[in-house]
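The lines below spell out each chain.
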Amino acid sequence: MNGKGLLVVISGPAGAGKGTVVKELIKDDNIRLSVSATTRAPREGEENGVHYHFLTREQFEKMIAEDGFLEYAQYVGNFYGSPKKQAEEWMHQGKDVILEIEVQGCKKIKEKFPQCVSIFIMPPSMEILESRLRGRGTETEDVIAKRMKRAEEEIGLSGDYDHVVINDTVEECVEGVRRILELEKQRVSGADC
Ligand code: 5GP
């Protein structure tokens, strides 16, 4: 990818508040969020093509075979992937593209695009993480337990990211990410000189 836009990976355990932070970031017209594909069932209020492209297992496998993903991974029993075409178009237009993906996906993106910027959104504590997950009211106990276990594993890998930002308050976290993106842009344009 040779566009001028940054490829930005944002990860963090489910319930860390990535979604809220990203929603604020994309109010900037130069930042776009890649809509992932998934085989997971839509949650209440989720729209196809807006929150995710909801695919059957067969459709997902077809996209893999056609090399349609920048990366894909399995997470708690479902497939998730970042479609290639839209992200590439935006980057060629000079937009920064955010991939809101989990840690395995980040690893694959880093291998393919070493110039990407990776940011880990850290919850203030495990207790707060669990209460945020429960507060959604959309998950069963079994899924909450699995997601908490996965969260611990993910936090253990946060050291692999270029930046870690604690999501204590949304405003501070968003500001922290914005500052990182500005600095990274300066660094990239400096490297071009
Ligand atoms: P959820 O089911 O809560 O929407 O997402 C579960 C996890 O999958 C989250 O950590 C989310 O960031 C991650 N995820 C969403 N889309 C993608 C994707 O395209 N690729 C990868 N690797 N992970 C994704």
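Residues numbered from 1 in each chain as written. Predicted model: local features only at pLDDT ≥ 70, side-chain atom pairs only at ≥ 80, totals over all residues. Heavy atoms only, no water.

A. Structural context of the packing of aromatic side chains. Scanning all chains against the criterion turns up 9 aromatic pairs. Consider the rings of Phe69 and Tyr72, whose centres lie 6.1 Å apart with planes at 50°: the pair is tilted. What makes Tyr72 partly exposed here is its relative accessible area of 30%. When the ring of Phe120 is compared with that of Tyr161, the centres are 5.2 Å apart and the planes differ by 65°; the resulting orientation is edge-to-face. (Phe/Tyr/Trp six-rings, centres within 6.5 Å; stacked < 30°, edge-to-face > 60°. Buried < 20%, exposed > 50% of the residue type's maximum accessible area, 1.4 Å probe, protein only.)

B. View of the side chain of Arg147. Locating Arg147 in the fold gives a position in helix α6 (residues 141-156). What makes Arg147 buried here is its relative accessible area of 8%. Apart from residues lying up to four places away in sequence, Arg147 is in contact with Ala14, Arg40, Arg43, Tyr75, Tyr80, Leu133, Arg136 and Glu139. (Helix = DSSP H or I, 4+ residues; strand = E, 2+ residues; numbered from the N terminus. Contact = heavy atoms within 4.5 Å.)

C. Focus on the sheet that holds strand β5 (residues 69-75). One open sheet holds the 4 strands; their spatial order is β4-β3-β6-β5, and the pairing between them is mixed. Every other strand in the sheet has two partners, leaving β4 (53-54) and β5 as the edge strands with one partner each. Across 2 bridges, the pairing between strand β3 (residues 37-38) and β4 is parallel. Each bridged residue has a counterpart across the sheet, and for Thr38 the counterpart in β4 is Phe54. (Pairing = 2+ DSSP bridges.)

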